[in-house]
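Spelled out from the first residue to the last, the chains are:
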Amino acid sequence: MTSVQNPFAALLQEGSTADGVSHKLVEEILLFTLNKEGGGSKQILCLSDVVVDTSEETLCENLVAHALFERLMLSDTLEGNGEAWEAQAITYLHGAFARCERLEGAKKTGSAKIKELILDNASTCMRQPDLFAPQSFATQWLELFEQASEHDTSTQEFLVLVACKVVEEDEPIEALGALKAIFYPLLTELHKLIAKDNLVTIKKNIFWVLGFFVKDKRAAVLGEILIDYTTPNPQAKGGEYMDTLLGQLLCISILPKTQTGKYEFFQQLSITQTDPALWGLLSHHQQSTFQLFKQLLVLSPEIKRKTMQWIANCLDANVSRGHLWNSMSLNLEQTMYSTASDAFMTSLCAVLTRLCAPLCVPSLKVLLVDPTYCAVADNDRQAKGVSMLKAHDETCLLPTAEGEERLTAEKYNFVTEIFYMTHKCFELANRPCIERLFRVMRELQNTQTAYEDVLRSDPNNDLTKNLYRMLMEQMQQVLSIRNTLSEPTNDKEMLKFLEASAIWLTEVALMPRESYEQALDKRDFAPQIHRNLELLSDTPPFVAPYMQSVPESIIDNISEYLNFCRRLNGDQFIHIYYSVHDAFFKMILLFMGSSGLVKNPHLRAKLAEALEFLLPTPSIHSNRQAFVTHVFDNHPDRLKVVRSLLNVFVSIEMTGQSVQFEQKFNYRRPMYAIMEFLWTKAEHVQCFRELAIEAEENMEAIEPPIFLRFINLLINDAIFLLDESLSNLEQIKQLQQAQDNGEWNNLAQNERQQQVTNLHHLGMLARFDNILGRDTINLLKLLTTEIKSIFCHNSMVDRIAAMLNYFLLHLVGPRKERFKVKDKKEFDFDPAQTVLEISHIYINLSTDDSFCLAVSQDGRSYSDQLFGYAETILIRIGGGQLIGDMSDIAAKVKKMGDQYKEEQELLADAPEDYLDPIISSLMTDPVILPSSKVTVDRSTIARHLLSDQTDPFNREPLTMDKVKSNVALKQEIEQWIEGKRSAARCKS
């Protein structure tokens, strides 16, 4: 090293050395000496030629500072090995700092001054890196972070103190800018590494390095650098969040990073395959990502605000993922980058769900969530502490009148924010992913069928190979999505969060009026305590106005999760976590049956689907395993389930709440399964009985009783479904015959393909109608075993008799061959079972004379031969034990029919004004309709009003309480009938 002694250095040492620094300590910590004589044999650097040559034991602090700076400037000229010759400035200063820390621990005095000098010089490096060009401080810091061990605290302490020193010595904006200039390149390097990795290859020290930025609140500025680096511009599209550093971490999953990416895992595996090793990797990675987010949130109020805004902006940018079309439009190029991928969104949901852990049982901080959050307008967001964008646009449980202003709280806490953000994320992440899974599963099933067909005919052609490749790709997709959604740690956290949400929903809906009034005074509407009130009625006696601000998506998310569990035959945590059953059961009972709490009938019908999952025994058409629960036996509110179920059953048909036909029957299917199960429990059967009695006592109430409306719709459904099924089966038979006769061979290729498509489509419709029709008839059979009189009421009896006759004639009569299709199982067509069910209904109701009379008076389908046809078929299908009862019914019906016929012949010449204008039969209880002033029979108008609450003659609104008995006409008719009978007796 060339000798270039500083002529001014000696002046620095001339000052007072009383408070100086031990020369020996300088040598131990900074690894250099200013004593040419003393430094020859040691592994330290001699700076006597560069600074000053001195043998004094105590050095002036200014001289040491000068010497240290000179030492840092020698990086290009240092020759030698070992720490003393370290050329990298930050690396050297860190080593000196670590030695200083060790000596401080050994109680060596004087080291504090040297430590301060080290930090001063490190701060200079950070603020003026050009002085040390071409050194890269970003690279040096990255190496320090990577080399640090878990037991080494000096690296973290050095980083924190250096950052604090920079902030202390500069204006806040300049300090932040200086630190960003150093650390942004480091973060960019990490960013590149993460972008190349997947779940298996990601380096474990990535989170270790990032942890240095968020571990210590003293240097919160480091966390600010990280969140600023990873934040895209406010107008960024959803897909652009994937390109950020945090976004790249969230993209690492079992699923492909991008929506068009290649699936990397699960190749050539069975459809039930799970991979615990992959689950372990995913859980560990998402837990590490959660810790990073959590540490950002606790660093400082400003970083918390920026992190929450990052999440809120990301959710807003991806809001189109929640639209119905999104799960279908995977291959549209223009939408590919507009939203983030399933991998990104499900990982974000996993992170947010973990952040919600304190909201769950046992601490239940969810009770601090304010239900008015979604009432806050955009211009009030900042003042009230609301991060989520467009929260006020959420569709809520109850509508708000035009111009009405919704209640809002004074301020919203973090618990409220994270609760609503997590639900929004589930809506945008897991729900589209679940829809996509079931769509791909349907495609997989179709591909498998097509593959098996061509494999039998030509196993070696290109089509077979292509179908096999498609089969493998679709199976890989199914397994990847399924394993991502059902990873055990996530499943457990999600279930606990949704349990807390169900408890919260129940508490806000049942808040007593006095508690609400206290909340109104404080402008804080959170439930605060777990009251766990009993359900006393269909709708709570008091419904707080804030229910207009509770978003539908919370109930929708719970329903979607339970429906996912229902269709996924796996070992989810819900099977062993029993307390959640009570929370879900109570919430479903409360909201499913009450239009006073949930306006949307679709949402209430979804809750019925969710309730089906809680059935201990799966329904016949379900492939899921048995489920152990005791809610239907032990829950304190269990006896409300029947009424709640009937309420929602009726609501999806009511005027103004109607839903599309196919959707309506999809909703009804789980309801049938629940009712069949309830019929196995005596106390629930008693609930049905009580509702039937209540209905009979209130047949002419303003609003028709719930049970009456229910059985009316049940009969409507049965008629429609069985009729449609028979019509489709007749067409299928015709198409099958044409195909067998070779008529299709003469058709052009496209016409032949069209016929195949028609046959397939009709088959699907027939199967759909047969399954639901069978469930409907079965339910009618169960109901009529215990409840008879209401079915035989004069407003109902003609319809059920006509329905039974119609279907019995078609299934056992002379023209039954019209429906004899090939492979009945393919269409779920089981005419034998249907005949047995119908026979049971006949037997159940035959004790009532009005039913037997109604059977005999059905002019469309009844004849004296009808029950004879039925007996012949019953012998063939194993229903011999029913023949005796059916013979008795046939005799009774014929006898009553003959008597009635005589009566009708006697009364055949009734005056026109004695006849009902709708069905042209003799009126027995005439009533006057208030608006049209038309007189009709009471039973006729009662039957009409069950389906349509209007006057049939002018469409004006009408209810049974408005009709008036036409007493004079009734007496006149009765006198006329008696006169006819007297004349007949005299004649005989």
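Please read these numbers as outputs of a predicted model, since none were measured by experiment.

Caption draft 1: Spotlight on the UniProt feature "domain: U-box" (unreviewed entry) in the chain. As annotated by UniProt and renumbered to match this structure, "domain: U-box" (unreviewed entry) occupies residues 909-983. Segment residues 909-983 splits into 36% helix and 11% strand. End C-alpha atoms: 14 Å apart.

Caption draft 2: Layout of empty space enclosed by the protein. Summed over all chains, the structure comprises 5 cavities of 30 Å³ or more. One number sums up the size of the largest cavity: a volume of about 190 Å³. Looking at the largest cavity, it is lined by 17 residues, and the ones nearest its centre are Asn430, Thr484, Leu485, Asn490 and Met494. Among the elements of the structure, helix 15 (342-355), helix 18 (430-457), helix 19 (462-485), helix 20 (488-509) and helix 22 (552-567) are those that each provide at least two residues to the lining of the largest cavity. By residue number, the principal contributor to the lining of the largest cavity is helix 15, which donates 5 residues. By residue class, the composition of the lining of the largest cavity is 8 nonpolar, 7 polar and 2 charged.

Caption draft 3: Up close: the layout of surface pockets. There is about 940 Å³ of room inside the second largest pocket. Along the walls of the second largest pocket sit 27 residues, with Asp798, Leu853, Tyr900, Ser921 and Leu922 positioned nearest its centre. At the level of elements, helix 31 (797-812), helix 33 (849-856), helix 35 (883-906), helix 36 (938-947) and helix 37 (967-987) are the ones that each hand at least two residues to the lining of the second largest pocket. Of all the elements, helix 31 adds the most residues to the lining of the second largest pocket, at 4 residues. Residue classes in the lining of the second largest pocket are distributed as 11 nonpolar, 9 polar and 7 charged.

Caption draft 4: Up close: the packing of helix 34 (residues 866-876) against helix 35. Taken N-terminus to C-terminus, the directions of helix 34 and helix 35 make an angle of 175°; their axes are 10 Å apart at the nearest point. Taken together, helix 34 and helix 35 sit at an angle that is classed as roughly antiparallel. Seen from helix 34, the contacting residues are Phe867, Ala870, Glu871, Leu874 and Ile875; seen from helix 35, they are Ile883, Met886, Ser887, Ile889, Ala890 and Val893. When grouped by side-chain class, the residues that make up the contact of helix 34 with helix 35 number 9 nonpolar, 1 polar and 1 charged.

Caption draft 5: Local environment of the nonpolar core. If you look at the biggest cluster of nonpolar residues, it comprises 314 residues, and the most contacted ones within it are Trp141, Phe183, Phe591 and Phe707. Setting aside residues no more than four positions away along its own chain, phenylalanine 183 makes contact with Met126, Trp141, Phe145, Leu159, Phe213, Leu222 and Ile225.

Caption draft 6: Quick peek at the environment of phenylalanine 212. Structurally, phenylalanine 212 can be placed in helix 9 (residues 205-214). Other than its neighbours up to four places away in sequence, phenylalanine 212 contacts Phe145, Ala148, Thr155, Gln156, Leu159 and Leu222.

Caption draft 7: Geometry of helix 36. Of all 10 residues in helix 36, 8 are buried, a share of seventy percent or more. Those residues of helix 36 not exposed but buried are Arg938, Ser939, Thr940, Ile941, Ala942, Arg943, Leu945 and Leu946. Where helix 36 is buried, its residues touch helix 29 (706-740), helix 31, strand 5 (926-928), strand 6 (935-937) and strand 7 (964-965).

Caption draft 8: Summary view of a nonpolar patch on the surface. There is a patch of nonpolar side chains on the surface, built from Ile918, Ile919 and Phe953 and spanning about 250 Å² of accessible area. Here isoleucine 918 lies in the loop between helix 35 and strand 5.

Quick notes on the rules
Residues numbered from 1 in each chain as written. Predicted model: local features only at pLDDT ≥ 70, side-chain atom pairs only at ≥ 80, totals over all residues. Heavy atoms only, no water. UniProt positions renumbered as here; feature names shortened; annotations may be inferred. Helix = DSSP H or I, 4+ residues; strand = E, 2+ residues; numbered from the N terminus. 1 Å grid on protein atoms, 1.4 Å probe; cavity = no way out; pocket = protein on both sides within 12 Å on 5 of 7 lines; lining within 4 Å. Points joined across faces, edges and corners; volume = space filled by probe spheres on them. Nonpolar A, V, L, I, M, F, W, Y, C, P; charged D, E, K, R; others polar. Axes fitted to C-alpha atoms, helices over the stretch in contact; angles between N-to-C directions. Parallel < 35°, antiparallel > 145°, perpendicular 65-115°, else oblique. Contact = heavy atoms within 4.5 Å. Core = buried A, V, L, I, M, F, W, Y, C linked by side-chain atoms within 4.5 Å. Buried < 20%, exposed > 50% of the residue type's maximum accessible area, 1.4 Å probe, protein only. Patch = residues over 30% accessible without salt bridge, like charges linked within 9 Å, V, L, I, M, F, W, Y side chains within 5 Å. Areas by Shrake-Rupley, 256 points an atom, 1.4 Å probe, with all protein chains shown as cover. Salt bridge = Lys/Arg side-chain N within 4 Å of Asp/Glu carboxyl O.

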